[in-house]
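Single-letter residue listing:
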Amino acid sequence: MNSLSSKHAAHAKAFVLVAMCLAVLMAQVDTSVVNLAVKSIGMNFHSGTAMLQWVIDVYNLLYASLLLTAGALGDLYGRRRMFILGVGVFTVGSLACGVAPNEFLLVAGRGLTGIGAAFMLPNSLSILAVTYPNKKERSHAIALWASCNGLAFAIGPTLGGWIVETISWRAIFLMIVPVSVLALVLAVMFLGESANPEGRRLDLRGQFLAIAALAGLTFAAIEGPHLGLTSLPVLAAATLGAAATLGFLLIERRLSNGLTPFELFRRPGLPASMTVAALMTFGMYAMFFLMALYFQNLRGASVFLTGIELLPMSLIFFVVSQRVGKLSIRFGRRVVMSAGMALMGAGLLVLTQISPQTNIYAIEAALVIIGAGLGLNTGPVVDAAVASVPSSRSGTASGLVNTARMVGATLGVAILGAIYAAHAEGGGDAGMILGMRWAFVVGGVGELLGAAVAWFFIVPQGATRSKVSWFSATERVR
């Protein structure tokens, strides 16, 4: 009887792991394939660059804004409940995107999928930690969960390109629905409830201000080139974003258990890791958006061929990310992260030389450099954040660095997309190239700045944490 019971428990754990892996796979594939579909979506709805930016960015915006709150809600009211809610919302959002009759409902559907992803991903990681109390089993389960990020990054462009070209851009959303339903069924059947409400509370003021800050700044960046930087809507949005940011900082620093625990920022590793994560995605997400447009609009590539042309970058990212743990142990997180950010910056600066006639092998070489850098940095940046705080706050640190990652992605698509749009609209092919070049310059400089932050402010392994401060780290700069 005990043997049967243990087998049932093992099977239940396996199904829970499958559900959690499906969640991260759905969220990441959904992100990567939409970049390939933007041209088809634009042609379908006769959309301009700004609306296409919103199709990408509304997902990032809501995901980034709700990530910490969704994790807190799981701790307070049950991780199973919040995970199932997230999968349900994600499913409805995907279905809405697939049948959207106009661009505005498509953006609304993308917003729903962003909300769903925000509830799925942080709670899926917490669920695995509870489901696998044994340290060795837990490490294996989380490694499988994390590898789905790389798997999605590798298969998303190719699979998405084939689907968009052979079926329709709508199919990339509709084909996610059955996978979402499977994850939902597995969660309902096999997932037990868990919560840790002790000492936690919901910070509604902080959440409201975080959403207002990101929404205001994103709207100003995306719509500024089209409505005018001095237009009333843009000025109002920028003012709202700035005021909400200031209010968030003033309120949160007074709270001992708010949305963002400021006492953790006294340790240099966490703010440095968050800065690096934000700068990493600032350039990367915009690069995906712009390169998809480059291959299709300027080189005449099909959607499927565009996916194939982006595949080498995805594959090198997947390969490097599988081996970065050993490199971090040998050389240290600081060296690996600095090298990764420097490679991404170098690759983006190489792309500033592109034209419609650029040799495809030169472009692929730049993309491979970027993919290698992304693989070197993605894992260690989270590891550095978690290692910089007490083990009891590791979940908070992970949530903060992932929030920073999505904030960087949101602002990157908004700001770099706006730089591109300012030159591209009405400027023909020459305007598009000029806009891309300037966007890649700013993105590349951002990545190189991230490399400098990693080198000077990430605490080397073995350093005594209590003796490290922002002041001592700054001394290394001097």
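These numbers come from a predicted model, not from an experiment. (Residues numbered from 1 in each chain as written. Predicted model: local features only at pLDDT ≥ 70, side-chain atom pairs only at ≥ 80, totals over all residues. Heavy atoms only, no water.)

1. Focus: a nonpolar patch on the surface
A surface patch of nonpolar side chains, about 540 Å² in accessible area, is lined by Leu151, Ile155, Leu159, Trp162, Ile167 and Met175. Mapped onto the elements of the fold, Trp162 is located in helix α5 (residues 135-166). Taking relative accessible area as the criterion, Trp162 reaches 42% and is therefore assigned partly exposed. (Patch = residues over 30% accessible without salt bridge, like charges linked within 9 Å, V, L, I, M, F, W, Y side chains within 5 Å. Areas by Shrake-Rupley, 256 points an atom, 1.4 Å probe, with all protein chains shown as cover. Salt bridge = Lys/Arg side-chain N within 4 Å of Asp/Glu carboxyl O. Helix = DSSP H or I, 4+ residues; strand = E, 2+ residues; numbered from the N terminus. Buried < 20%, exposed > 50% of the residue type's maximum accessible area, 1.4 Å probe, protein only.)

2. Some details on the nonpolar core
By size, the foremost hydrophobic cluster in this structure holds 136 residues, and its most contacted members are Met287 and Leu351. Examining the composition of this core, we find that 21 residues originate from one element, helix α10 (residues 269-298), more than from any other. Residues Val320, Val324, Val336 and Ala372 belong to the second largest nonpolar core, which totals five residues. (Core = buried A, V, L, I, M, F, W, Y, C linked by side-chain atoms within 4.5 Å.)

3. As for the packing of helix α12 (residues 333-351) against helix α15 (residues 428-457)
Closest axis-to-axis distance for the α12/α15 pair is 8 Å, and the angle between their directions is 165°. In terms of their interaxial angle, α12 and α15 are classed as roughly antiparallel. As for the relative orientation of α12 and α15, their crossing is left-handed in sense. Taken together, the residues of α15 that come into contact with α12 (itself represented by Arg334, Val335, Met337, Ser338, Met341, Ala342, Met344, Gly345, Ala346, Leu348, Leu349 and Leu351) are Phe440, Val441, Gly443, Gly444, Glu447, Leu448, Gly450, Ala451, Ala454 and Trp455. Its residues placed into classes, the contact of α12 with α15 shows 15 nonpolar, five polar and two charged. (Axes fitted to C-alpha atoms, helices over the stretch in contact; angles between N-to-C directions. Parallel < 35°, antiparallel > 145°, perpendicular 65-115°, else oblique. Left-handed = near helix turned anticlockwise from the far one by under 90°. Contact = heavy atoms within 4.5 Å. Nonpolar A, V, L, I, M, F, W, Y, C, P; charged D, E, K, R; others polar.)

4. So, the packing of aromatic side chains
Counting across every chain of the model gives six aromatic pairs. Ring centres 4.4 Å apart and planes at 20° place the aromatic pair Phe15 and Phe190 in the stacked group. Of this pair, Phe15 sits in helix α1 (residues 2-45) while Phe190 sits in helix α7 (residues 176-190), and the two are 175 residues apart along the sequence. Between Trp54 and Phe219, the aromatic rings sit 6.4 Å apart at their centres with planes inclined by 40°, giving tilted as the arrangement. Highlighted residues: Trp54 in helix α2 (residues 49-77) and Phe219 in helix α8 (residues 204-227), separated in sequence by 165 residues. The exposure class of Trp54 is buried, given its relative accessible area of 14%. (Phe/Tyr/Trp six-rings, centres within 6.5 Å; stacked < 30°, edge-to-face > 60°.)

5. Some words on the environment of Thr378
Residue position: Thr378 is located in helix α13 (residues 360-387). Take Thr378: its relative accessible area is 27%, and that puts it in the partly exposed class. The spacing of Thr378 and Arg405 is 27 residues in sequence and 9.8 Å in space, taken between C-alpha atoms. Ignoring anything within four residues of it in the chain, the contact list for Thr378 reads Met280 and Phe317.

6. Quick look at the packing of α10 against helix α11 (residues 303-331)
Contact geometry for α10 and α11: axes closest at 9 Å, N-to-C directions at 135°. One way to sum up the angle between α10 and α11 is to call them oblique. Our pair here, α10 against α11, has a crossing hand that is right-handed. Mapping the contact onto sequence places Met287, Phe288, Met291, Ala292, Phe295 and Gln296 in α10 and Val303, Thr306, Glu309, Leu310 and Met313 in α11. Here the residues of the contact of α10 with α11 sort into eight nonpolar, two polar and one charged.

7. Description of the side chain of Arg79
Along the chain, Arg79 falls in helix α3 (residues 79-99). Residues in contact with Arg79, not counting those within four places in the same chain, are Gly74, Asn123, Ser126, Ile127, Val130, Glu193, Ser194, Ala195 and Asn196.

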